[in-house]
Amino acid sequence: MADDPKTLVSTDWLAAHLKDPDLRILDASMSPAGTENTAGLEYQERHIPGARYFDIDDVSDGRSDLPHMVPPVEKFMSRLRAMGVGDGHQVVIYDSAGLFSAARVWWLFKLMGQNNVAVLDGGLPKWIQDGHPTDDLSPIIRDRHMTVRRQNQMVRDVTQVSHAAKLGDHEIIDARAAARFRGEADEPRAGLRAGHIPGSKNVPYTSALNKDGTMKSPDALRQVFEAAGVDLSKPAITSCGSGVTAAVLCLAMERFGKTDHSLYDGSWAEWGAFPTLPVATGEA
């Protein structure tokens, strides 16, 4: 793969830059919905040297009833400052699943106007598989100011997504597993209806990945979206269960040069809970 410090870097790239003074590594691991979240404890036991733990549920909007919604700018800035991450840093984000939740934090940084941020391809499993070291030491934190310029076009709310679904002027792309998209499997969160946003297309986030958790090549990614019937000439809105794996699709599109994408932050946790919003079942 071609290393790109603005999207995706390999374990070899990270190993070569591990001691760079302006490198900041974030462990953004989280457990899937419906399971106990042990990611913070796992970080304490083993992480890439120098990594800080980014708690997606903590760095979120505590005023919302929905899971891990985008935090206010001030909260994002204060949390990152406490992690010692700020202006002039190259940030690399990974997770313990390979590529699951790290893309959400990559997207959040992009939303906040940060460009020097990449996901580690294959995450912690690939790092370990390739023979690179881990430790359990806490990094030394030094404050660094972060300048935030929120990119509002990168996020969509339920009203905007509802309009897009009615008008058909965007491609709404659902990253959930096919059975959940078709309404044949229960949602991991209680109280949600089964199915998908009418008119949306299904690109399960796992279809963007190789068996080892690394991301497919840009050409192969484009083919995945086209095979799902996605019209790549339209702006894209990604969705999933709660706005986490939808970001994998944003990263995938960025890799093959499609930049007019946004993410529905509430995703199915919001849409599936509203009885007045239409729901479709079956294939797209």
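See the structure shown above.
Residues numbered from 1 in each chain as written. Predicted model: local features only at pLDDT ≥ 70, side-chain atom pairs only at ≥ 80, totals over all residues. Heavy atoms only, no water.

Asks: Help me understand the sheet that holds strand β9 (residues 236-239), please; the structure alone is not making it clear to me.
Replies: Two pairing modes exist for strands in a sheet, parallel and antiparallel, and in both the strands are linked by backbone hydrogen bonds. Spatially, the 5 strands line up as an open sheet ordered β6-β10-β9-β7-β8, and their pairing is parallel. Among the strands making up the open sheet, the edge pair consists of β6 (155-156) and β8 (201-202). In the sheet, strand β7 (residues 171-174) pairs with β8 via 2 bridges, with the strands oriented parallel. Bridge pairing in β8 links Asp 174 to Asn 202. (Pairing = 2+ DSSP bridges. Helix = DSSP H or I, 4+ residues; strand = E, 2+ residues; numbered from the N terminus.)

Asks: Is there a simple way to think about the pairing of strand β4 (residues 90-94) in this case?
Replies: Looking along a regular strand, one sees the side chains alternate between the two faces of the sheet. Counted residue by residue, β4 has 5 buried out of 5 residues, so it is predominantly covered. With burial as the criterion, each face of β4 is covered, one bearing Gln 90, Val 92 and Tyr 94 and the other bearing Val 91 and Ile 93. Pairing of strand β2 (residues 23-27) with β4 involves 5 bridges; the strand directions are parallel. Within β4, the position partnered with Ile 25 by the bridge is Val 92. Across 3 bridges, the pairing between β4 and strand β5 (residues 117-120) is parallel. Its bridge partner lying in β5, Val 92 is registered against Ala 118. In this fold, the crossover linking β4 to β5 by way of helix α4 (residues 102-111) has right-handed handedness. (Buried < 20%, exposed > 50% of the residue type's maximum accessible area, 1.4 Å probe, protein only. Right-handed = clockwise from strand over helix to strand, strands pointing away.)

Asks: I keep staring at the layout of surface pockets and nothing clicks. Help me out?
Replies: The gaps of empty space that remain are located by a probe, the size of a water molecule, rolled over the atoms. The calculated volume of the largest pocket comes to roughly 390 Å³. Around the largest pocket sit 18 residues that line it, and Leu 23, Arg 24, Gly 50, Arg 52 and Pro 139 are the ones nearest its centre. Residue contributions to the lining of the largest pocket peak at 3 residues, all from β2. In the lining of the largest pocket, the residues fall into 9 nonpolar, 3 polar and 6 charged. Along its surface, the second largest pocket is lined by 21 residues, and Pro 32, Ala 33, Phe 100, Arg 180 and Thr 245 are the ones closest to its centre. (1 Å grid on protein atoms, 1.4 Å probe; cavity = no way out; pocket = protein on both sides within 12 Å on 5 of 7 lines; lining within 4 Å. Points joined across faces, edges and corners; volume = space filled by probe spheres on them. Nonpolar A, V, L, I, M, F, W, Y, C, P; charged D, E, K, R; others polar.)

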